[in-house]
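# Results of the structural survey
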Amino acid sequence: MGIVKIGEDLHDDIRRASSVMCRSINAQAEFWMKIGMLAEANPTLSFSDIIKMQLEAADIPQSDKTAA
């Protein structure tokens, strides 16, 4: 495990997002970093496409149904 120094404003954004997403601050930062890395590697994919790709890679079935 390493230490990454980030600005205070970004840390505040991560802290607020982590409370909404029910993640620890570290887990939220890791999620954003992973999604950002995948977005850079796959510039034609949307956020939704990246999430779908990750869920499929984890063998989590996706429902095609939408809520009414």
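Located above this text is the structure these notes cover.
Below you will find a few notes about this structure. (Residues numbered from 1 in each chain as written. Predicted model: local features only at pLDDT ≥ 70, side-chain atom pairs only at ≥ 80, totals over all residues. Heavy atoms only, no water.)

### Quick notes on the environment of I25
To be explicit about the condition: Every helix listed is a DSSP run of H or I at least four residues long, and every strand listed is a run of E at least two residues long, numbered separately from the N terminus. Note on exposure labels: buried denotes an accessible area under 20% of the residue type's maximum, exposed denotes more than 50%, and partly exposed covers the range between, all computed with a 1.4 Å probe on protein chains only. Contacts are assigned to residue pairs with any non-hydrogen atoms lying within 4.5 Å of each other.
Turning to its location among the elements, I25 is positioned in helix α2 (residues 25-41). What makes I25 partly exposed here is its relative accessible area of 30%. Linking I25 and N42, residues 17 residues apart in sequence, is a C-alpha distance of 26 Å. I25 has contacts with H11, I14, R15 and S18, leaving out every residue within four places of it along the chain.

### Observations concerning helix α1 (residues 8-21)
Quick reminder of the rule: Residue count minus one, scaled by 1.5 Å, sets the expected span of a helix. An arc is given here, and it is the one of the directions from the helix axis to the C-beta atoms.
Across its 14 residues, α1 extends 20 Å between first and last C-alpha, which sits within 8% of the 20 Å expected from 1.5 Å per residue. Of the positions making up α1, those classed as buried are I14, A17 and S18. End-on view of α1: buried residues confined to an arc of 105 degrees, all on one side of the axis. Seen from the open side of α1, the exposed residues pointing more than 90 degrees away from its buried face are E8, D9, S19 and V20. Looking at the packing, one finds that the buried side of α1 touches α2. Two residues or fewer past α1, C22 is found with a positive phi of approximately 55 degrees.

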